[in-house]
Amino acid sequence: MRILFVTATRVGDAVLSTGVLARLVEQNPGARVTVACGPAAAGLFEAAPGLERIIVLDKRRFKAHWLKMWLATVGQFWDHVVDMRNSPITYLLAHRHGWRVGRRLLDTHRVVRNGAILGLAETPPLPTLWLDDQHEARARALMGEGGPIIAAGPVANWRAKTWAAARFLDLFRRLTRDDGPLPGARIAVFGSATERPQAETLLAGIAPCNRIDLMGMVSLLELYACLKRTALFVGNDSGLMHMAAAAGVPTIGLFGPSREDLYAPWGEHCRAVRGDQSYDEIFPEDYDHRNPDQPDLMAGLSVDRVEAETKALLREVGL
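Residues numbered from 1 in each chain as written. Predicted model: local features only at pLDDT ≥ 70, side-chain atom pairs only at ≥ 80, totals over all residues. Heavy atoms only, no water.

### Quick word on the layout of surface pockets
1) Next: Approximately 900 Å³ is the volume found for the largest pocket.
2) Next: As for the largest pocket, its lining consists of 33 residues, and the residues nearest its centre are Val11, Gly12, Asn157, Ser238 and Gly239.
3) Next: For the lining of the largest pocket, the secondary structure elements donating two or more residues are helix 1 (11-27), helix 7 (220-227), helix 8 (239-246) and helix 9 (260-263).
4) Next: The class makeup of the residues in the lining of the largest pocket is 16 nonpolar, 11 polar and six charged.
5) Next: Size it by volume and the second largest pocket reaches roughly 630 Å³.
6) Next: Ala8, Thr9, Asp13, Met84 and Arg85 are, among the 24 residues lining the second largest pocket, the residues nearest its centre.
7) Next: Looking at the lining of the second largest pocket, the elements with two or more residues in it are helix 1, helix 2 (64-73) and helix 3 (110-116). (1 Å grid on protein atoms, 1.4 Å probe; cavity = no way out; pocket = protein on both sides within 12 Å on 5 of 7 lines; lining within 4 Å. Points joined across faces, edges and corners; volume = space filled by probe spheres on them. Helix = DSSP H or I, 4+ residues; strand = E, 2+ residues; numbered from the N terminus. Nonpolar A, V, L, I, M, F, W, Y, C, P; charged D, E, K, R; others polar.)

### Overview of the sheet that holds strand 4 (residues 78-83)
1) Next: Sheet architecture is open: five strands sit in the order 3-2-1-4-5, paired in parallel fashion. In this open sheet, the two strands that pair with only one neighbour each are strand 3 (51-56) and strand 5 (95-100). Here the average twist between neighbouring strands, direction ignored, is 15 degrees.
2) Next: Bridge count between strand 1 (residues 2-6) and strand 2 (residues 32-37): five bridges; the pairing is parallel. Along strand 2, the bridge assignment pairs Ile3 with Val33.
3) Next: Strands in contact with helix 1 are strand 1, strand 2, strand 4 and strand 5; relative to strand 1, the strand with the most contacts, it is inclined by about 175 degrees. (Pairing = 2+ DSSP bridges. Axes fitted to C-alpha atoms, helices over the stretch in contact; angles between N-to-C directions. Contact = heavy atoms within 4.5 Å.)

### Notes on the pattern of salt bridges
1) Next: Evaluated as defined, the whole model comprises 17 salt bridges.
2) Next: The closest approach of N and O atoms between Glu26 and Arg23, which form a salt bridge, is 3.9 Å. Taken together, the residues span about one helical turn, with Glu26 and Arg23 both in helix 1 at a distance of three residues.
3) Next: For Glu26, a relative accessible area of 60% gives the class exposed.
4) Next: Residue Arg259 is joined to Asp107 by a salt bridge in which the shortest nitrogen-to-oxygen separation is 3.5 Å. Separated by 152 residues along the polypeptide, Arg259 in the loop between strand 10 (251-254) and helix 9 and Asp107 in the loop between strand 5 and helix 3 bring together distant segments of the chain.
5) Next: Residues participating in the shared-partner salt-bridge network are Asp170, Arg174, Asp304, Glu307 and Lys311. (Salt bridge = Lys/Arg side-chain N within 4 Å of Asp/Glu carboxyl O. Buried < 20%, exposed > 50% of the residue type's maximum accessible area, 1.4 Å probe, protein only.)

### Brief notes about the sheet that holds strand 8 (residues 211-213)
1) Next: Ordered by their spatial adjacency, six strands build an open sheet running 8-7-6-9-10-11, and the pairing between neighbours is parallel. Of all the strands in the sheet, just strand 8 and strand 11 (270-273) have a single pairing partner and so form its edges. Between one strand axis and the next, the sheet turns through 20 degrees on average, direction left out of account.
2) Next: Relative to strand 7 (residues 186-189), strand 6 (residues 149-153) runs parallel, the two sharing four bridges. Within the sheet, the bridge partner assigned to Ala151 lies in strand 7 and is Ala188.
3) Next: Its contacts with the sheet place helix 5 (residues 165-176) against strand 6, strand 7, strand 9 (232-236) and strand 10, and it is angled at close to 165 degrees to strand 9.

Below is the structure:
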C-alpha cells in the first residue's frame, strides 16, 4: 500500500493539510508514504508514520519543479494520491484512488476545505504532526524545568501582519506579574534565524532569566515538541500559530490584514483576535505587502483586547 501526499509550500498551509494525511494513515495501517512539498514545510513530515521519502519541490522556472515530481513518482503505482495543490501532474500518475482539493469551498476555513477532500467537511480531521524520541529529548533540554512557559510568535511572512514588539512586551508583563494568570512565567520566543532581526526588540525587552531564545535554534519538529511544553501561545497569523494549535496549546492568533474565517487557529482552545476593523475594512485594495514603507495594519489591535481574550481562554482551560 503506497500513499502519495502532495501538499503546500508554506508551513502554515502544510500544517493545516496534515489531518488529511493522518486520516489516510490511520485507515491504511502499514502504508508507505511519500510526501511532496515545498522546502520550508519539508521538516514537518520527517517523523510521519510509514514515511519512505520526502520530495522537496524547490520552485523553478517554467514550473520545472513539477517535472521533478513527475520523474520521481511516475514509475510507481500509487494506491492513494492526495493532491492539495491540484497539480495536473497527479492526473497522469497510475493510481487506484485520487483526491484533489480543486476550487471547491474557497470561502471556508482551510481545515474544512481540506477535510472535504475525503468527504469530511462536517467533521474534518484535526491537523496532526508526528515526533520521535530525539525531538522530545531536544525539547526537554531546551525548555528545562520550572514554571509555566508562554510561547511567543512575534513574526509573520510580511510586516503588516506583525503586532508591535512593544505590545507583546506589555501583554507579557500583564500576564506574568504577581496578580496575573501566569505569574513568573518564562517567555519562549520562536522563529527562524532569518526572522531574528524582526524579533530583536522583543528579545531585548525580556529579562534574560525569563527568556528562552529559540530563534533559529531548532528544526520544525523540535519546535513543535517545544511548543507542546508551553502553557499558552500568543502570536501573529503564521505557520507557528498553526503548529501551536496542532500541538493542543491554548492559542491566541493575532489578526489584521488576513482572514480569520479561512486561517484562524484550529483546535478546541484557540481564538482569533482582531481589532474593531474587519479584514475588508483594514486591507486596502492597492496594498503592496512587499513594500516595507507601507503602513502598519495591526495598530488597531489593542493590548487590552488581547489581554481580555487571553485571560478568558486561560480561564476556559483552568489556568
